[in-house]
Amino acid sequence: MKKYLIQYKPFLLFIGTFFGTYILLTLVYQFYLGSFENDKIDGITKLVGKHTEWLLQLFNNDARVDEIPSEPYLQIFYNREVVAVIVEGCNAISVIILFVAFIVAFSGKLKPTLFYILGGSFFIYILNICRIASLAGLLYYFPEKTHLLHGVLFPLVIYGVVFILWIIWVSKFSKYAK
């Protein structure tokens, strides 16, 4: 048994660090969410709504994101029509937690690791704002394509970008980079 622990030590350290970081960050985020009442929207989701509205209004003055009293979501209006809602799961924090856990598990030197985590997280946040705004516009014109757009295409894009960020990290900056 000791032989296998020594042989697979790098893999076991990666798995332990990844899941440890993922669980810790998820617990911290759940604690943050627990500080809000059930019918209230958390601050991060409100910020996502505000930035989404700003981006939508660059292209269409008749776009807005409204908070609905006593409802845990924001409504996106496009040309006076509700096209989508933003719920807590739309704020990309779970994707950012997944991203960070992987980077920590393959960490390199402290400074580049921190910069990559901050830069990558910011990039994912911006990409998510673009995703929501694009989705809102597309749903206005193609409401029958909701499942394809929301359930297939846009998750593929955001997780694909995260995967590319991981590959760049491992091949260029991690302790395993050559």
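Preceding this paragraph is the structure being described.
Residues numbered from 1 in each chain as written. Predicted model: local features only at pLDDT ≥ 70, side-chain atom pairs only at ≥ 80, totals over all residues. Heavy atoms only, no water.

Undergrad: It is not clear to me how unusual backbone geometry should be interpreted in this structure. Could you clarify?
TA: Outside of glycine, negative phi angles account for most residues, and trans bonds account for most peptide bonds. Of note in this structure, Asn-79 is not a glycine but carries a positive phi near 55°. For Asn-79, the location among the structural elements is in the loop between strand S2 (74–78) and strand S3 (81–86). In this structure, Ala-92 takes a positive phi of about 70° despite not being glycine. (Helix = DSSP H or I, 4+ residues; strand = E, 2+ residues; numbered from the N terminus.)

Undergrad: What is the right way to look at the pattern of salt bridges in this model?
TA: Two side chains bearing opposite charge may form a pair once their charged atoms approach each other closely. Using the criterion set out here, one finds three salt bridges in the structure. The shortest N-O distance in the salt bridge between Arg-80 and Asp-62 comes to 3.5 Å. A residue pair is termed long-range when its members are at least 10 positions apart, and Arg-80 in the loop between S2 and S3 and Asp-62 in the loop between helix H3 (43–59) and strand S1 (63–67) qualify at 18 residues. For Arg-80, a relative accessible area of 69% gives the class exposed. Relative accessible area serves as the criterion here: at 24%, Asp-62 is assigned to the partly exposed category. The residue Arg-64 makes a salt bridge to Asp-66 at a minimum N-O spacing of 2.6 Å. Classification of Asp-66 as partly exposed rests on a relative accessible area of 23%. (Salt bridge = Lys/Arg side-chain N within 4 Å of Asp/Glu carboxyl O. Buried < 20%, exposed > 50% of the residue type's maximum accessible area, 1.4 Å probe, protein only.)

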